[in-house]
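# Coordinate analysis (summary)
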Amino acid sequence: MNSERDSETTFDEDSQPNDEVMPYSDDETEDELDTQQPAIEPEQNRINRESEESRETMRRDSGWQVKANDRSFHEQPQFQKTTFLCVKKSKYAENAIKTYKYNPITFLPLNLFEQFKRAANFYFLILLILQTIPQITTLSWYTTLVPLLLVLVITAIKDLVDDIARHWMYNEINNRTCDVIKDGRFKATKWKDIKVGDIIRLKKNNFVPADILLLSSSEPNSLCYVETAELDGETNLKFKMSLEVTDRYLQEENAMAEFDGLIECEEPNNRLDKFTGTLLWRNVRYPLDADKILLRGCKIRNTDFCHGVVIFAGADTKIMKNSGKTRFKRTKIDSLMNYMVYTIFVFLILLSAGLAIGHTYWEQQIGNSSWYLYDGQDYSPPYRGFLNFWGCIIVLNTMVPISLYVSVEVIRLGQSYFINWDLQMYYAEKDTAAKARTTTLNEQLGQIHYIFSDKTGTLTQNIMTFKKCFINGETYGEYRDRRGQPQNNPEEADFSWNMYADGKLTFYDQYLIEQIRLGNEPEVRQFFFLLAICHTVMVDASEGDLSYQAASPDEGALVTAARNFGFAFLSRTQNTITISEMGIERTYDVLAILDFNSDRKRMSVVVRDPNGNIRLYCKGADTVIYERLHPRNPRRQDTQEALDTFAVETLRTLCLCYKDISHDEYKAWNKKFMAASVASSNRDEALDKVYEEIEKNLILLGATAIEDKLQDGVPETISKLAKADIKIWVLTGDKKETAENIGFSCELLTDETTICYGEDISALLQTRLENQKNRIGSNVNSSQRANEPFFQSGRNRALIITGSWLNEILLEKKKKKKKLLKLKFPKTAEEKQNRVQNKRRAEAMKEQQQKNFVDLACECSSVICCRVTPKQKAMVVELVKKYKKAITLAIGDGANDVNMIKTAHIGVGISGQEGMQAVMSSDYSFGQFRYLQRLLLVHGRWSYIRMCKFLRYFFYKNFAFTLVHFWYSFFNGYSSQTAYEDWFITLYNVLYSSLPVLLVGLLDQDVSDKLSLRFPSLYVSGQKDLLFNYKKFFVSLIHGVITSLIIFFIPYGAYLQTMGQDGEAPSDYQSFAVTAASSLIFAVNFQMGLDTSYWTFVNAFSIFGSIALYFGIMFDIHSAGIHVLFPSAFQFTGTAPNALRQPYLWLTIILSVAVCLLPVVALNFLTMTIWPSESNKIQKNRKKYKAEEEQWKRRRSVFRRGISGRRSAYAFSHQRGYADLIASGRNIRRRRAPLDAVLGHNMSEVREAGETS
């Protein structure tokens, strides 16, 4: 890639975004952008400007001030803020983390508020109030109160259990301990009791409890090594270093206790790698930056102990600022259910109003003139109609059954346990089971459209493995024996001959081992010697074993590989490095380290061997190495072909080369190097220029190929999810080349994919935006043309975009204020109006641009966003939710994924190497990415199918039950007289019809789990809402209406002219109620049997058991004995024995049930025969598909050959390595030496260079 780009005007500045830079847009202020200055300015001017800006900042705002060892300082009035009414508290947060929803005080009101947001719960509360009015109620008030309380209590208990689990988890964190200065001594203190300004001591392998300023450590110059896996997903170590003054004076406990420095810094924000502030101590002000700050969530490594002062605590820490807000998540079906409840309520009001009008008319025509109907109340017909309206509301209330929500919660709870118990989602290696951390979102797992995934630790293991290499025309790493012959049964290489081998490298090429040991080809040994000497890795041999700490896992893998192959890096000092070469230790003088950066894409070392020979060793990306090779390199073309082959295998490559340097050449170059090293301005540019002079005419030695190992099953999982029409977007902080390489590895990208980059789509989106602005109001077809696709159909496209381009395209980039002479005049009304209009126009343009971007991105088969911040990850998810109205899932394993996880409809955390921060904020968690396919395609799809079937049947059975009252009212003066016995009404939804539908909601499945995974296309029905929507709802309504008509009118017709066997006519109201109720119980339970796809003994028992239970309870409550005990409550004495001994009534029941079910059976048969669904076809051809399954293989991953961009994912870290640290000697454990002793004979050259510069 060329460093110079075509100049074109962007939205707010002339330079295009830098793909290598992580944008700092999260909390960037206008003032920060204002203060950006040119790189070149006089030193004194810079000092004056910085001090003036510091004073101006303090005048403008008191900012964030922290006084060490002085808790009372932070309680002063100027640091108080009003929280509620007149209650004030310190603006400095406590260190306890609280992301749970409730506490003992807020639980009851908040939970009740959440529950009564559900329309049905609120509806039954109103109904309960109505039932307390005796003039209108026909049912006792307790028939509503008891079920309502039951619903509220069960739901509250479930929510309480969920929240208590969160409390326990955070209590475990909050109750961790560390040492804090109290009363002049370090004392063990819980994390939750740490305050801003406290001095704390942390030991090796401790987590950092808050954001702290490093004061001193056990390492030289108070270096401190930290692992930031929970913050940015990188497992390689980073180093922090304290101020020299605190390192010198703050080593002892009493000095810590007396420390009273004042820290003035920026307010809490979410920028993980940026910090500005000052330390005022002993009347001297010292600048602070991010290199001196240890962030909460970091882990202390390779440092015995360190001390620091707390700057940000608890919710103010950067890790918590990146976590986003805890959101109340509800499923799409939940929202749909609410709207359907509103629909039913409107339907209920219309029915009740119609009956009220009919009752009014009936009272006027018949009721008033019938003396035997007089009830002692002289109400007018309209008033009686008004009372009847409310009576009908109460009688017909079971159209919105309160047991619906209880049953839904029970089903969701059961589905959650099935996920927890699934052994096929258990990760034995880390003893991690799948965990449903919420019980309210299961069916939404079956409706996912977009998955947003992190890369490091989510798709990959973040473990680099040395796989192959190319040396002197030979590729090593295949399955070969010692003679170089291919092996059919490969055996692992034996490294027992090497005392320094770590025993962890898996390698199968015995021939390479033989070549190294025999030494027949010196290039082979030279290759691994280069890997052992050309790096910035630091070694820790304190525990008897070599432990490497690298700036990137790639570099660590290469040095470890050299160690296993006989060239072990043992130790280093400021200017020497010691290596064991095949068991012989040799020490080399390191004359210069030419470190890596994102522009150079290479690193070099200049070393002098014990014989005095000087040689440069270099490793880097092939794109930059090939430009610097000597014209006569015989293996150039062979190496390029090997690189192409490695690229096809998705391996990360580096080219290795060297160059012999004469003493005179080195002396001349070193003089320039020393001058550039002490340059007061543009030092990096000067050094890069000097590096270029010596890194040329290189001799190519070979190439390495290491694997950024994917987690098991990632390509297969992504392939299956793609077949389920789920689009996967990767959102990562890694550089573009790395992310693109992983895209090919996991088969998001293939050789047929046309890749679009940020610079490609920027002009396309800008043109579309301009056209849209020009078309507004121009013609009728403008909106149609504005929605036309961005790309031609038929080609597979992918989008790869960096965070900087994302800000540029979405107009999120902050604009710099132009410093102009501003004369303040009163603004006119017209100016104010213009300003408002301009602001609205800019917001509208920004919204349109964001919509265009989402439309364009969604036309691509896959999207990879790299170098993005945590806030940008959440923003991308929010944009897709907003403009596509699609169900989203976010999956990650680090703290930088928390905001994204909370923003998506469903958040999944992976219990990986990066800590538990993502898991604690997730809705579901498991140990490996591959389990996502089972979570969605099996559990998610089953949960969706079961919930939809449950809801359809539940609405049907209640319409069928309730509307019998409506038909009955036509024959009783349109009154609110019930058609059934009161006890049947009470127990219908509780006992007689609840268990079969509950078990279907828990256990039913259309196809097995294996077939669900075998045919991902089955998942599409959930994405398209095919199984439960308003159409299905109205089908259930009509089905219920028809059933209720049959249940009422067939018994009614049978009872018109009926004579029993004993000559008595059983056509009384009570016998009719029993007949209708019995017909209903048979019909709805058998209907559930027809809808059941997966029969078990439990299902059969529930259906026939419910019918048996109905008859058992009915005969009991119709017995004379219970009537004697409770005469007013049980009035149907002897009705059931009398009515059901009549064969005529049994024939009536059989006829009613047959008329209800036979059309359904016929329709199901026709549907499966003529219009079979996908699952019907699969069920029919199960044996055929099982045979074909053996032949099915996932598609092969193929790379585009010969394109150098494919190899640009070179194995280097994202930032500079430890070269500066090594060269400075700050990591060497010894006393400080004077400058003359450090530089030796080079001191005169440095002074000379300084004078000339």
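For every chain, the first residue of the written sequence is number 1, and numbering continues from 1 onward in sequence order. A pLDDT threshold of at least 70 governs which residues receive local features in this predicted model, and a stricter bar of 80 or more applies before side-chain atom pairs are shown or counted, although totals over entire chains, interfaces and linings include all residues. Here the side-chain values reflect all heavy atoms present in the structure, with hydrogen atoms and water set aside.

The name recorded for the protein in an unreviewed UniProt entry is Phospholipid-transporting ATPase, from Sphenodon punctatus. UniProt positions are given in the numbering used here, feature names are shortened, and annotations may be inferred rather than shown by experiment. What the UniProt record of the protein gives under Subunit (unreviewed entry) is the line "Component of a P4-ATPase flippase complex which consists of a catalytic alpha subunit ATP8B1 and an accessory beta subunit TMEM30A. The flippase ATP8B1:TMEM30A complex can form an intermediate phosphoenzyme in vitro. Also interacts with beta subunit TMEM30B." What UniProt states about the protein under its Sequence similarities (unreviewed entry) heading is, verbatim, "Belongs to the cation transport ATPase (P-type) (TC 3.A.3) family. Type IV subfamily."

### Topic: the overall build of the protein
Scanning the protein from N- to C-terminus turns up 44 helices and 35 strands. Per-residue burial over the protein gives 54% buried out of 1253 residues. The criterion used for residue contact is that any of the two residues' heavy atoms lie within 4.5 Å. Looking at the protein alone, contacts between residues at least 24 apart form 75% of all its contacts between residues at least 6 apart. All accessibility values rest on the Shrake-Rupley procedure with a 1.4 Å probe; residue burial counts only the protein chains present in the view. Total accessible area on the protein stands at roughly 57200 Å², and carbon and sulfur atoms take up 54% of it. Only runs of H or I of at least four residues qualify as helices and only runs of E of at least two qualify as strands under DSSP, and these elements are numbered from the N terminus. Buried residues are those whose accessible area, probed at 1.4 Å on protein chains only, stays under 20% of the maximum for their type, while exposed residues exceed 50% and partly exposed ones sit between those limits.

### Some words on the sheet that holds strand β12 (residues 284-289)
One open sheet accounts for four strands, arranged β1-β10-β11-β12; its pairing is antiparallel. Since the sheet does not close on itself, it has two edges, and those belong to β1 (64-67) and β12, each with one partner. In this sheet, neighbouring strand axes are inclined to one another by 20° on average, regardless of whether the strands run parallel or antiparallel. Here, a strand pair is defined by DSSP locating no fewer than two bridges between the strands. Pairing of strand β11 (residues 276-281) with β12 involves six bridges; the strand directions are antiparallel. Axis definition: a line fitted to C-alpha atoms, over the contacting stretch in the case of helices. Angles run 0 to 180 degrees between N-to-C directions.

### Looking at the pairing of strand β32 (residues 862-866)
Among the five residues in β32, five count as buried, and that is most of the element. By the alternation rule, side chains of β32 split into Ser 862, Ile 864 and Cys 866 and Val 863 and Cys 865, which are all buried. The pairing of strand β29 (residues 727-731) with β32 spans three bridges and is classified as parallel. Residue Leu 731 lies in a different strand from β32, and its bridge partner there is Cys 865.

### Quick look at the sheet that holds strand β28 (residues 699-710)
Strand order in the open sheet made by the nine strands is β19-β18-β28-β27-β26-β25-β24-β23-β22, with antiparallel pairing throughout. Of all strands in the sheet, those bounded by a partner on one side alone are β19 (474-476) and β22 (567-572). Taken pair by pair, the neighbouring strands of this sheet meet at an average axis angle of 30°, ignoring direction. Of the strands in this sheet, β18 (460-471), β22, β25 (602-608), β26 (614-620), β27 (652-661) and β28 touch helix α15 (residues 553-564), which is tilted by about 50° from β18.

### Overview of the packing of aromatic side chains
The description of an aromatic ring pair rests on the distance of the ring centres and on the angle between the ring planes. Here a pair means two rings of Phe, Tyr or Trp (six-membered ring of Trp) with centres within 6.5 Å. Their orientation is stacked below 30 degrees between planes, edge-to-face above 60, and tilted elsewhere. The tally for this structure, following the rule as stated, stands at 72 aromatic pairs. Summarising the aromatic geometry, the rings of Phe 955 and Phe 1033 are spaced 5.3 Å apart at their centres and angled 85° between planes, so their arrangement reads as edge-to-face. Of this pair, Phe 955 sits in helix α29 (residues 931-969) while Phe 1033 sits in helix α34 (residues 1030-1056), and the two are 78 residues apart along the sequence. Across the pair, exposure class does not vary: Phe 955 and Phe 1033 are buried alike. Connected via pairs of aromatic rings, a cluster forms that spans Phe 966, Trp 967, Tyr 968, Phe 970, Phe 971, Tyr 974, Phe 1048, Phe 1049, Tyr 1052, Tyr 1055, Tyr 1069 and Phe 1072. It is Arg 563 that lies over the ring of Tyr 548; its NZ or CZ is 5.5 Å from the centre. Between the NZ or CZ atom of Arg 768 and the centre of the ring of Phe 790, over which it lies, the distance is 3.9 Å. Two limits define a charge over a ring: the Lys NZ or Arg CZ must be within 6 Å of the ring centre, and within 35 degrees of the ring normal.

### Re a nonpolar patch on the surface
For patch building, the residue pool is restricted to those with more than 30% relative accessible area and no salt bridge; the joining distance is 9 Å between like charges and 5 Å between nonpolar side chains (Val, Leu, Ile, Met, Phe, Trp, Tyr). The term salt bridge refers to a side-chain nitrogen of Lys or Arg lying within 4 Å of a carboxyl oxygen of Asp or Glu. On the surface, Tyr 339, Tyr 342, Tyr 1030 and Phe 1034 cluster together to form a nonpolar patch covering roughly 420 Å² of accessible area. Every element with two or more residues in the nonpolar patch is listed here: α10 (332-365) and α34.

### Digging into the side chain of Thr 432
Relative to the helices and strands, Thr 432 is located in the loop between α12 (403-421) and β16 (435-436). Between N or O atoms, a polar contact is any pair within 3.5 Å; within protein, one atom must be a potential hydrogen donor and the other a potential acceptor, and residues adjacent in sequence are included only when both atoms are from side chains. Within the structure, Thr 432 has its side chain in polar contact with the backbone oxygen of Lys 430 (distance 3.1 Å).

### Comments concerning the pairing of β18
It is a general feature of regular strands that their side chains alternate between the two faces of the sheet. Of all 12 residues that make up β18, nine are buried, and the element is covered over most of its length. As defined by bridge partners, β18 adjoins β28 across eight bridges and the pair is classed as antiparallel. When the sheet's bridge partners are listed, Ile 471 is paired in β28 with Gly 702. Pairing of β18 with β19 involves three bridges; the strand directions are antiparallel. In the strand pairing of β19, Ile 471 is matched with Glu 474. Between β18 and β19, which pair antiparallel one after the other, the connecting turn spans two residues, and Asn 472 there sits at a positive phi close to 55°.

### A closer look at the packing of α29 against helix α31 (residues 994-1003)
α31 packs onto α29 with a crossing angle of 165° between their chain directions and a minimal axis gap of 7 Å. One element, α29, and the other, α31, form an angle in the roughly antiparallel class. As α29 runs across α31, the sense of the crossing is right-handed. For the pair α29 and α31, contact is made by Arg 946, Lys 949, Phe 950, Tyr 953, Phe 954 and Lys 957 and by Val 997, Val 1000, Gly 1001, Leu 1002 and Leu 1003, respectively. For this scheme, ten residues count as nonpolar: Ala, Val, Leu, Ile, Met, Phe, Trp, Tyr, Cys and Pro. Four count as charged, namely Asp, Glu, Lys and Arg, and the remainder, Gly too, count as polar. Of the residues contributing to the contact of α29 with α31, the split by class is seven nonpolar, one polar and three charged. Oblique is the label for any angle not under 35 degrees, not over 145, and not in the 65 to 115 range, which are roughly parallel, roughly antiparallel and roughly perpendicular in turn. Throughout, a crossing is termed right-handed when the near helix is turned clockwise from the far one, and left-handed when it is turned anticlockwise from it by less than a right angle.

### Notes on the confidence of the model for the protein
Confidence in the prediction for the protein averages 81 pLDDT; 83% of positions are at 70 or higher. Every residue in residues 1-14 is under pLDDT 50, and counting partners more than four places away or in other chains gives 24 contacts. Confidence scores labelled pLDDT are given residue by residue by the predictor and lie between 0 and 100.

### So, the packing of helix α35 (residues 1069-1091) against helix α36 (residues 1097-1117)
Relative orientation of the contacting elements α35 and α36 amounts to 165°, with a least axis distance of 9 Å. When the axis of α35 is compared with that of α36, the two are roughly antiparallel. At the point where α35 passes α36, the crossing takes the right-handed sense. Note on element contacts: α36 touches α35 through Ile 1103, Phe 1104, Ser 1106, Ile 1107, Tyr 1110, Phe 1111 and Met 1114, opposite Val 1074, Ala 1077, Ser 1078, Ile 1081, Phe 1082, Asn 1085, Phe 1086, Met 1088 and Gly 1089. For the contact of α35 with α36, the residue count by class is 12 nonpolar, four polar and no charged.

### Regarding the environment of Phe 495
Residue position: Phe 495 is located in the loop between β19 and α13 (510-518). Residues Phe 495 and Leu 505, 10 residues apart in the sequence, show an inter-C-alpha distance of 9.0 Å. Sequence-distant contacts of Phe 495, defined by excluding residues within four places in its chain, comprise Ala 501, Leu 505, Phe 507, Ile 513, Asn 564 and Phe 565.

### Section: the nonpolar core
The term nonpolar core refers to a set of buried residues drawn from Ala, Val, Leu, Ile, Met, Phe, Trp, Tyr and Cys, joined through side-chain atoms within 4.5 Å. With 94 residues, the main nonpolar core has Leu 404, Phe 950, Leu 951, Phe 955, Tyr 980, Phe 984 and Leu 1080 as its most contacted residues. When residues in this core are grouped by element, the largest group, 17 residues, is from α29. With residues near it in sequence (within four places) discarded, Leu 404 still touches Met 337, Phe 950, Leu 951, Phe 954 and Phe 955. Grouped together as the second largest cluster of nonpolar side chains are 61 residues, Tyr 225, Ile 579, Ile 593 and Ile 1222 included.

### Details of unusual backbone geometry
Backbone geometry at Lys 601 places phi at a positive 60°, although glycine is not the residue there. Summarising the element assignment, Lys 601 is placed in the loop between β24 (584-594) and β25. One non-glycine residue with positive phi stands out, namely Arg 867, at about 55°. Inspection of the secondary structure puts Arg 867 in the loop between β32 and α26 (870-884).

### Examining helix α17 (residues 636-648)
Two residues of an α-helix separated by three or four positions point the same way, owing to the 3.6 residues in each turn. A helix is expected to span 1.5 Å multiplied by its residue count minus one. When the terminal C-alpha atoms of α17 are compared, their 19 Å separation across 13 residues agrees well with the 18 Å that a helix rising 1.5 Å per residue should span. Looking at α17, one finds that the buried residues are Thr 639, Ala 642, Leu 643, Asp 644, Phe 646, Ala 647 and Val 648. Buried residues along α17 sit against β18, β19, α16 (622-625), β27 and β28. Thr 650 sits one or two positions beyond α17 and adopts a positive phi of about 60°.

### Remarks on the side chain of Thr 1043
Looking at the secondary structure, you find Thr 1043 in helix α34. For Thr 1043, the residues in contact, after removing those within four places along its chain, are Tyr 956, Ala 960 and Cys 1156.

### Observations concerning the pattern of salt bridges
A complete count under the given rule lists 43 salt bridges for this structure. When the shortest N-O distance is used, the salt bridge between Arg 271 and Glu 266 registers 3.4 Å. Per residue, the accessibility class of Arg 271 equals that of Glu 266, and both read buried. In this structure, the salt-bridge partner of Glu 555 is Lys 619, at a minimum N-O distance of 3.4 Å. With Glu 555 in helix α15 and Lys 619 in strand β26, the pair connects residues that are 64 residues apart, well separated along the chain. As far as the burial class goes, Glu 555 and Lys 619 line up, both buried. Shared partners join several salt bridges into a network, and the residues in it are Arg 600, Arg 602, Glu 627, Arg 628, Glu 692 and Glu 695.

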